[in-house]
There are 2 protein chains.
Amino acid sequence: MEIIARISRMQARSQQLKREGKSIGFVPTMGALHEGHLSLMRRARAENDSLISSIFVNPTQFGPGEDYKTYPRNMDQDRKLAAGVGVDIIFAPSVTEMYPEGYATYIEVDGLTEGLCGRARPGHFRGVTTVVTKLFNIVRPDRAYFGQKDYQQAIVIKRMTADLHLGPEIIIMPIIREPDGLAMSSRNRYLSKEQRQAALVLSHSLKKAEEMLGRGERDGEIIKDQMAQLIQQEPLAETDYISVVDSDDLTESTEIKGQVLIALAVRIGRTRLIDNILWKDPNSTKI
Amino acid sequence: MEIIARISRMQARSQQLKREGKSIGFVPTMGALHEGHLSLMRRARAENDSLISSIFVNPTQFGPGEDYKTYPRNMDQDRKLAAGVGVDIIFAPSVTEMYPEGYATYIEVDGLTEGLCGRARPGHFRGVTTVVTKLFNIVRPDRAYFGQKDYQQAIVIKRMTADLHLGPEIIIMPIIREPDGLAMSSRNRYLSKEQRQAALVLSHSLKKAEEMLGRGERDGEIIKDQMAQLIQQEPLAETDYISVVDSDDLTESTEIKGQVLIALAVRIGRTRLIDNILWKDPNSTKI
């Protein structure tokens, strides 16, 4: 496995792979790899001739007071995990390599970035879309893989990739969970033992929503109320948002029909966790 | 000469050219071609195996109340002029092809877009950078050619192309002028005979600035005052801005050193015209 730090070198390697007629699968990450990332890499490994993953803790997607400085960094372990699932090249540039002096260009995706995490984290998606565009243009992948845990991010990137003709096919993969239901996240490492237990409110409240939908409840407000009540019972948890939105355009809908995203963000101490489920009305004709 | 309206077709043709190992020169335009455009095309023709030009009056770079609807469109004549200088492919998509329903993605270049035309035309550069990114990603040129008349546009695009790793080399070509000094512009067609005469204040005021600089004047404020006075003497002209800025970062500088851009925008009736010169201090050590 090769580790590349310079943009020019990564571009040259990708061009070489293209010339050899090899397809490129790409998994962009911020490192601190877990089973969620590895599931993307395994799928990418299976679908492409070569597999490139990036490890870059991107400063432009963190807001003031967020965890940019404390975000877990563990290159040695990441390297082993990536090699274990067959990554060919890790692209791990420095911050000054990606954002040199005078850097000035940012991507904005209107609409889709305004609700959910976009409301709580202004500027977050501008940082994500900017770095992903840069990475796509450096790596030139045929396919790029994202996790459903960051569902809003994934569909923002899908929209942007189509709008700007960036090239890769965007593949969204299911959430990988711990045995007790907690969605895997690099930020789970921040949690104390007690907080780790409290963090189960996220998946429990989604399970509750799923049960209510299964029983025929179609009023989003009632579902959100029940989820909020469940979370309020956990003293270590503080709800950031609970949303029921159309899974395509992320617009709020009181009456649930077609496919919806039920998503939430909850603070456990200083750690902000997110989780979601997609739910499709079995009677829906929407494809 | 081939004319292509569909993005997918243009992408396929560019990929084909790449596969054949042919270099692609690209001249994006809004049509209404004049000698300025043709000078870019001739240079691109000489430097590349294949020459693609786009004709697209881009709605996102026009503000409310600007001349999007009345902007001159003359495909028949443009086609003849382009064929005459050896254009291989004209890419002329429709507005809905470029901005389909649900379109949401825009590029922002901070700093460089704030002064000069950016102040008078909020959102203009966002439209320019967005469409140029799209066009670059569809056409995948090796080299792209822009005129110095839109100097701010050209260096914004240069910055964006580097920041986002878009690929093409950006080449900026000199302003082409009418025999009496008026910078060529598609918008000159809007001018009545009297207005056409009045429009000479732009190049005259730049000539005045050049003379003052040649005599050793280094105070930007004094130069701008003299230019403004000259323009005030023309009753049909109304100054939008006169700027003396560093030619790299477009920051205002009172004391002129190194290479500066002297740029102005003037309204002649309802027509807004721009012009500029680059001036380099002969004693400057700045490269």
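Residues numbered from 1 in each chain as written. Chains lettered and ligands numbered in written order. Predicted model: local features only at pLDDT ≥ 70, side-chain atom pairs only at ≥ 80, totals over all residues. Heavy atoms only, no water.

## Regarding the interface of chain A and chain B
Logical step 1: With 24 residues of chain A at the contact, the number on the chain B side is 24 residues.
Logical step 2: Buried area between chain A and chain B, summed over both chains or domains, comes out near 2100 Å², and the portion from carbon and sulfur atoms is 47%.
Logical step 3: Taken as a group, Thr105(A), Leu164(A) and His165(A) account for 28% of the area that chain A buries against chain B, more than any other trio of residues on that side.
Logical step 4: Seen at the junction of chain A and chain B, the total is 2 salt bridges.
Logical step 5: The shortest N-O distance in the salt bridge between Asp110(B) and Arg126(A) comes to 3.0 Å.
Logical step 6: Counting every contact that joins chain A to chain B gives 20 residue pairs in polar contact (both at pLDDT 80 or more).
Logical step 7: At the level of secondary structure, the elements contributing two or more residues to the side of chain A that touches chain B comprise α1 (7–19), β5 (105–109), α6 (124–139) and α7 (151–163) of chain A. (Contact = heavy atoms within 4.5 Å. Buried area = accessible area lost by both parts, 1.4 Å probe. Salt bridge = Lys/Arg side-chain N within 4 Å of Asp/Glu carboxyl O. Polar contact = N/O pair within 3.5 Å; in protein donor to acceptor, adjacent residues only side chain to side chain. Helix = DSSP H or I, 4+ residues; strand = E, 2+ residues; numbered from the N terminus.)

## Side note on the relation of the copies chain A and chain B
The two chain copies are connected by a rotation around an axis plus a translation along it.
Logical step 1: Overlaying chain A on chain B yields an RMSD of 0.0 Å, the required transformation being a rotation through 180° with an accompanying axial translation of 0.0 Å. Read as a symmetry element, the transformation amounts to a two-fold axis. No C-alpha of chain A approaches the rotation axis more nearly than that of Ile107(A), which lies at 2.3 Å.
Logical step 2: Here 100% of the interface residues in chain A have copies in chain B that are interface residues too; the copies meet face to matching face. (Least-squares fit on C-alpha atoms with pLDDT ≥ 70 in both.)

## What about the side chain of Thr130(B)?
All names here are of chain B.
Logical step 1: Looking at where threonine 130 falls in the secondary structure, it is placed in helix α6 (residues 124–139).
Logical step 2: Using a relative accessible area of 0% as the deciding quantity, one classes threonine 130 as buried.
Logical step 3: At 2.6 Å, the side chain of threonine 130 and the backbone oxygen of arginine 126 are in polar contact.
Logical step 4: In this view, threonine 130 contacts Tyr99, Tyr103, Thr105, Tyr106 and Ile107; residues no more than four positions away in its chain are not counted. (Buried < 20%, exposed > 50% of the residue type's maximum accessible area, 1.4 Å probe, protein only.)

## So, the domain arrangement of chain A
Residue and element names in this part refer to chain A.
Logical step 1: Entries for chain A in the domain assignment read domain 1 (2–173) and domain 2 (186–280).
Logical step 2: Computed from C-alpha atoms alone, the centre-to-centre distance between domain 1 and domain 2 is 26 Å.
Logical step 3: Of the residues lining the interface, 21 residues belong to domain 1; the matching set on domain 2 comes to 19 residues.
Logical step 4: Buried surface at the junction of domain 1 and domain 2, both sides included, amounts to about 1800 Å², of which 54% is carbon and sulfur.
Logical step 5: Applying the counting rule to domain 1 against domain 2 returns 1 salt bridge.
Logical step 6: Residue arginine 187 is joined to aspartate 67 by a salt bridge in which the shortest nitrogen-to-oxygen separation is 2.7 Å.
Logical step 7: Applying the counting criterion to the domain 1 and domain 2 interface returns 10 residue pairs in polar contact (both at pLDDT 80 or more).
Logical step 8: No other element matches the 3 residues that α7 contributes to the side of domain 1 that touches domain 2. (Domains from an automatic or database assignment.)

## Describing the pattern of salt bridges
Logical step 1: Counted according to the given criterion, the structure contains 40 salt bridges over all chains.
Logical step 2: The salt bridge involving Glu20(B) is made with Lys22(B); its shortest N-O contact spans 3.4 Å.
Logical step 3: Among the residues examined, Glu20(B) registers a relative accessible area of 43% and is labelled partly exposed.
Logical step 4: Judged by relative accessible area, Lys22(B) falls into the partly exposed class, the value being 36%.
Logical step 5: Sharing partners across several salt bridges, the network here consists of Glu2(A), Arg9(A) and Arg13(A).

## Quick word on the pairing of strand β2 (residues 24–29) of chain A
Residue and element names in this part refer to chain A.
Logical step 1: Counting buried residues in β2 gives 6 out of 6 residues, a clear majority hidden from the surface.
Logical step 2: On the question of chirality, the crossover connecting β2 to the parallel strand β3 (residues 50–55) by way of helix α2 (residues 35–47) is right-handed.
Logical step 3: Alignment of β2 against strand β6 (residues 143–147), held across 2 bridges, turns out to be parallel. In the strand pairing of β6, glycine 25 is matched with arginine 143. (Right-handed = clockwise from strand over helix to strand, strands pointing away. Pairing = 2+ DSSP bridges.)

## Brief notes about the confidence of the model for chain A
Logical step 1: Scored by pLDDT, chain A has a mean of 96; 99% of the residues are at 70 or more.
Logical step 2: Scoring of the predicted complex yields 0.96 for pTM and 0.95 for ipTM. (pLDDT = per-residue confidence, 0-100.)

## Let's talk about the pairing of strand β8 (residues 237–246) of chain A
Each regular strand displays side chains that alternate between the two surfaces of the sheet.
All names here are of chain A.
Logical step 1: In terms of residue burial, β8 counts as a mostly covered element, since 7 of its 10 residues are buried.
Logical step 2: Where β8 lies against strand β9 (residues 259–268), 9 bridges are found, and the strand directions are antiparallel. By the bridge assignment for β9, glutamate 238 is matched with arginine 267.

## Some thoughts on helix α2 (residues 35–47) of chain B
Residues and elements named next belong to chain B.
Logical step 1: Compared with the 18 Å implied by 1.5 Å per residue over 13 residues, the 18 Å span of α2 between its first and last C-alpha is a close match.
Logical step 2: For α2, the complete set of buried residues consists of Gly36, His37, Leu38, Ser39, Leu40, Met41 and Ala44.
Logical step 3: The inward-facing, buried residues of α2 contact β2 (24–29), β3 (50–55), α3 (75–84), β6 (143–147) and β7 (169–173). (Expected span 1.5 Å × (residues − 1).)

## Focus: the packing of aromatic side chains
Logical step 1: All told, the structure shown has 14 aromatic pairs over all chains when counted by the stated rule.
Logical step 2: Relative to Tyr99(A), the ring of Phe56(A) lies with its centre 6.3 Å away and its plane at 35°, an arrangement referred to as tilted. Linking Phe56(A) in the loop between β3 and α3 (75–84) with Tyr99(A) in the loop between α4 (95–98) and β5, this pair joins segments that are 43 residues apart in sequence.
Logical step 3: Here Phe56(A) falls in the buried class, since its relative accessible area comes to 5%.
Logical step 4: Centre to centre, the rings of Phe136(B) and Phe146(B) are 6.4 Å apart; their planes meet at 65°, and the pair counts as edge-to-face. Of this pair, Phe136(B) sits in helix α6 while Phe146(B) is found in strand β6, placing the two residues 10 residues apart along the sequence. When sorted by exposure, Phe136(B) lands in the same class as Phe146(B), which is buried.
Logical step 5: Between Lys134(B) and the ring centre of Tyr99(B), over which it is positioned, the NZ or CZ distance is 5.6 Å. (Phe/Tyr/Trp six-rings, centres within 6.5 Å; stacked < 30°, edge-to-face > 60°. Lys NZ or Arg CZ within 6 Å of the ring centre and 35° of its normal.)

## Observations regarding the sheet that holds β3(B)
All names here are of chain B.
Logical step 1: If you trace the 6 strands from one edge of the open sheet to the other, you get β1-β4-β3-β2-β6-β7, paired in parallel fashion. Taken across any chain shown, the strands that pair with only one partner, and hence form the sheet edges, are β1 (2–4) and β7. Across the sheet, the mean angle from the axis of one strand to that of its neighbour is 25°, orientation sign disregarded.
Logical step 2: Two strands pair when backbone bridges link them, and β6 and β7 are joined in this way by 5 bridges, in the parallel orientation. Across the sheet, arginine 143 pairs through a bridge with glutamate 169, a residue of β7.
Logical step 3: Together, β2, β3, β6 and β7 form the strand contacts of α2, whose direction differs from that of β6 by roughly 155°. (Axes fitted to C-alpha atoms, helices over the stretch in contact; angles between N-to-C directions.)

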